[in-house]
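Analysis of the macromolecular model
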Amino acid sequence: MAFDEAKRAADRQSALDYHEFPKPGKLEIRATKPMATGRDLSRAYSPGVAEACLEIEKNPADARRYTSKGNLVAVISNGTAVLGLGNIGAQASKPVMEGKAVLFKKFAGIDCFDIEVNEPDPEKLADLVCRLEPTFGAVNLEDIKAPDCFLVEQICRERMKIPVFHDDQHGTAIVAAAAATNALRVAKKRFEDIRVVALGAGAAGIACLKMLIAMGVKREHITMLDSKGVVHDGRNDLTAEKREFAIHTDKRTTLEAMEGADLFLGVSGPGLLTQEMVSRMAPAPIIFALANPTPEIMPELVREVSPDALIATGRSDYPNQVNNVLCYPFIFRGALDCGATQINEAMKVACVEALAALARATTSPEVGLAYQGERLTFGPDYLIPKPFDPRLMPTIASAVAQAAMETGVATRPLDLDAYRESLKGQVYRSALVMRPAFEAARQAGRRIVFAEGEEPRVLRAAQAMVEEGMGVPILIGRPDVVEARIERDGLTLKPGETVELVNPESDSRFRDYWTSYHQLMRRAGVTPDLAKTVLRTNTTAIAAVMVHRGEAHSMICGTIGEYVRHLKDVRQILSDKDMRPVGALSLILLDRGPLFICDTHVNVEPDAAQIAETMIASARHVRRFGIDPKVALCSSSQFGNVDCRSGQLAREALAILDSRGVDFVYEGEMNTDAALDPELRERLFPEGRLEGPANVLVYTNGDAAGAARNILRSVADGLEVGPILMGMGNRAHIVTPGVTVRGLLNIAALAGSPVSSYG
């Protein structure tokens, strides 16, 4: 008990510290335009701001062009029904509203102002909200008690021409309906046939029932219970919202109502559902015990009396968490982007169907790693997606926008295919720059072999390759280990069908492989016995031999072990007079755009000829991304101001490039800040060859290049594509142990593209 008390106290203090430090609260406002000069000020405010004002006066819709309105949501509450805390008042609700705003930003890139209002009267509150319409693109009503919330939303929807959405009602209803859709599929039942018992007649409970009716549940098959028992037509104490669900029945208690029920919907309080009640339900009952933090009944108690039950709760420590964050950021994203004037029933149903379909699809690689140890395969314990599934935004927002257009409430129709791709680009920052590579890989059908085929990230990348239509991956790994991990992680890979396996311990090609390796290495001291040992234990060597023999077009290794060890094998087996490792190029995707860093791994102390060759290779590879290379050769010397080794190497490399007449823009030697800041560079070295910021930074030693790469990834939140091994004709790529599944998939796309496209 003392330990529990101490833990609760520590958790409480940790939560308070989170909200207080390093600065109070969870939100801040940042400028999106430069504000560094007098000219900036004159455009941001007087006199330049008047031009935007006059355009909006002429055409109010232009507010979305010249202001943040089109991506700005108001999160509004009067604090009368906060979480599980009740009527704590507007000011005490502010941490919750800030939290809601943070989730909007995190999951959908939507900006928010949280507005807490001291106004208990629903009509006055609604009037205040309506007056805010010029500021916002949409309104999210939050934590307003029932039945006031119904009236506030109704008034706002009638008077405002922007979406108004009370998430406590509709968010819960949408996610619960998606979970119910899939639960019925598992139980082999239909909405039209099931009998529903709903315990809890507040805003969320009523919205859930209306959503279930929209999905096909018959109103006469619903029994609602409030704190006084069954809502029946003999009661005279019902609100208008409850009267909609009053039925003619002799049943008065929860126990009586549960007889033969197919679905229990609990949005009430802890411990109100008993095992006896569960035992009265139909076979394969569906139990949604959504009270938080303690549900109406704990899942383990349900299992004791009904092992085949399908269960959802509001908790994250049990499967099937009904969490509003699964839908509301993405509904608003789709509604804002198509200029919807409201969020109607069709848009909500579209969200339900998109959510349910996403759970039935194979789990995304990122989700699999975020929730390691959980089996994320569609079934009783996986009825709805996880909140960190990156597919939620492109899937739901595009479905919502499509429904808005089809029902005539969209004011800015979208090209849905292009819109979906743009959303993917927001979620996966590499998506847009990598799209040509993925398209080329789908067309080419190249065979890619992964040296570390047992590694979970590799398995998930292989799964993604199959889903992207990028051919049949080849995995080097023990079949029993690979198959066990496929089963454990809920993947759909099928050895011999969707993936090929090479067993390093026992493969019919073993003799062919070790003899090929021996022929290549016999004059490097490798005996037949040593060749056999290497080809049993070194999966990088096996992969390289497969590429050498033409059994694979390209290999990927490096998820385990040191880069230099893998590089040694690649050099020994795949290098020849025409191909050898020249350098490693890392594409770092930053908020400001792409930046390439070279050479990060191959030549630690290059000579001038190697540096020049690296610059030429870098420019060639950068062009394959559709980007015009601007190469800066970086060193400790700034245009000859320091007589040091790096400056001398840079000058010699530049002389080599000058003599060869290369077809790309380059400049040096310079410090990194001069490469990226054209104004600084112009002051130091006027009329240089380079215009604007450099997009390729080549360093005179591996330490500097590696440091730049790691700092940009770790501190500047840069997303890496690579390292890309240059000079090998796209036959080999070596990643680093920190590579993500998305990083592996990107490298696989590059490896899967023809040399003429992305080699």
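Refer to the preceding data block for the structure.
The following refers to the structure shown. Numbering of residues begins from 1 in every chain and follows the order in which that chain's sequence is written. Residues qualify for local features only when their pLDDT is at least 70, as the model is predicted, and side-chain atom pairs are given and counted only at 80 or more; totals for whole chains, interfaces and linings, by contrast, use all residues. Based on all heavy atoms of the structure, the side-chain values leave hydrogens and waters out of the count.

Regarding helix α24 (residues 539–548)
- In terms of burial, α24 is a largely internal element, eight of the 10 residues being buried.
- The complete set of buried residues in α24 reads T540, A541, I542, A543, A544, V545, M546 and V547.
- Polar contact is the term for a pair of N or O atoms within 3.5 Å; when the atoms are in protein, one must be able to donate a hydrogen and the other to accept it, and sequence-neighboring residues count only if both atoms are side-chain atoms. Counting from the N terminus, the helices are the DSSP runs of H or I reaching at least four residues and the strands are the DSSP runs of E reaching at least two. The N-terminus of α24 is capped by N538, whose side-chain oxygen sits 3.0 Å from the backbone nitrogen of T540.
- Downstream of α24 by a residue or two, G550 has a phi angle that is positive, lying close to 85 degrees. Each residue is assigned to one of three classes by its accessible area relative to the maximum for its type, calculated with a 1.4 Å probe on protein chains only: buried under 20%, partly exposed between the two thresholds, exposed over 50%.

Some remarks on the side chain of Q169
- For Q169, the location among the structural elements is in helix α8 (residues 167–187).
- For Q169, a relative accessible area of 4% corresponds to the buried category.
- Among the polar contacts made by the side chain of Q169, one reaches the side chain of H166 at a distance of 2.7 Å.
- Only heavy atoms enter the contact rule, under which two residues are in contact if any of them lie within 4.5 Å. Excluding residues within four positions of it along the chain, Q169 makes contact with C149, F150, E153, A203, A204 and A207.

Observations regarding the packing of helix α5 (residues 94–108) against helix α14 (residues 328–337)
- One way to put it is that α5 packs onto α14 with a least axis distance of 9 Å and a crossing angle of 65 degrees. As judged from the angle between their axes, α5 and α14 are roughly perpendicular. Considering the relative orientation of α5 and α14, their crossing is right-handed. Taken together, the residues of α14 that come into contact with α5 (itself represented by K100, L103, F104, F107 and A108) are Y328, P329, F330, F332 and R333. Only the stretch in contact is used when fitting a helix axis, every axis being a line fitted to C-alpha atoms; angles between N-to-C directions are given from 0 to 180 degrees. In these notes the angle categories are as follows: under 35 degrees is roughly parallel, over 145 is roughly antiparallel, 65 to 115 is roughly perpendicular, and the rest is oblique. We call a crossing left-handed when the near helix sits turned anticlockwise from the far one by less than a right angle, and right-handed when that turn is clockwise.

Considering the pairing of strand β8 (residues 263–266)
- Taking every second residue as pointing to the same face, both faces of β8 are buried, with L263 and L265 on one and F264 and G266 on the other.
- Should DSSP find at least two bridges between two strands, the strands are regarded as paired. Two elements, strand β5 (residues 196–199) and β8, share four bridges in a ladder whose sense is parallel. Paired with V196 across the strands is L263, a residue of β8.
- Of the strand pairs in this sheet, β8 and strand β9 (residues 286–289) are connected by four bridges, and their pairing is parallel.

Some thoughts on the state of the cysteines
- Disulfide assignment relies on a single distance test, namely cysteine sulfur atoms paired within 2.5 Å. Per the stated rule, a full pass over the model turns up zero disulfides.
- Looking at C351, it has no disulfide partner, and the nearest cysteine sulfur is the one in C327, 4.9 Å off.
- Residue C351 is classed as buried on the basis of its relative accessible area of 0%.

Examining the pattern of salt bridges
- A pair is scored as a salt bridge if a Lys or Arg side-chain nitrogen falls within 4 Å of a carboxyl oxygen belonging to Asp or Glu. Per the stated rule, a full pass over the model turns up 48 salt bridges.
- Put simply, D578 and K577 hold a salt bridge, and the shortest N to O gap is 3.3 Å. Accessibility assignment for this pair places D578 and K577 in one class, exposed.
- What you see here is one network of salt bridges that share partners, running through D226, K228, R235, D237 and K242.

Observations regarding the sheet that holds strand β6 (residues 222–226)
- Taken in spatial order, the six strands line up as β7-β6-β5-β8-β9-β10 in an open sheet, and their pairing is mixed. If you trace the sheet from one side to the other, it starts and ends with β7 (229–230) and β10 (310–313), each paired once.
- Pairing analysis gives four bridges linking β5 to β6, with the strands arranged parallel. Each bridged residue has a counterpart across the sheet, and for L199 the counterpart in β6 is L225.
- Running at roughly 160 degrees to β9, α8 makes contact with β8, β9 and β10 of the sheet.
- Each of β5, β6 and β8 touches helix α9 (residues 203–215); the most contacted strand, β6, lies at about 175 degrees to it.

Comments concerning the sheet that holds strand β13 (residues 500–502)
- One open sheet holds the five strands; their spatial order is β13-β12-β11-β14-β21, and the pairing between them is parallel. On the outer flanks of this sheet lie β13 and β21 (732–734), each paired with one strand and no other. Averaged over all pairs of adjacent strands, the angle between strand axes in this sheet comes to 20 degrees, irrespective of strand direction.
- Pairing analysis gives three bridges linking strand β14 (residues 554–557) to β21, with the strands arranged parallel. Considered in β21, the bridge of C557 is made with I734.

Considering the packing of aromatic side chains
- Between rings of Phe, Tyr and Trp, where Trp is taken as its six-membered ring, a pair exists when centres lie within 6.5 Å; planes separated by under 30 degrees are stacked, by over 60 edge-to-face, and by other angles tilted. Counting across every chain of the model gives seven aromatic pairs.
- Arranged with centres 5.1 Å apart and planes meeting at 85 degrees, the rings of F104 and F332 form a pair that is edge-to-face. Placement of the pair is F104 in helix α5 and F332 in helix α14, with a sequence separation of 228 residues.
- Measuring from centroid to centroid gives 6.2 Å for F113 and F136, while their planes differ by 80 degrees, and the two rings are edge-to-face.

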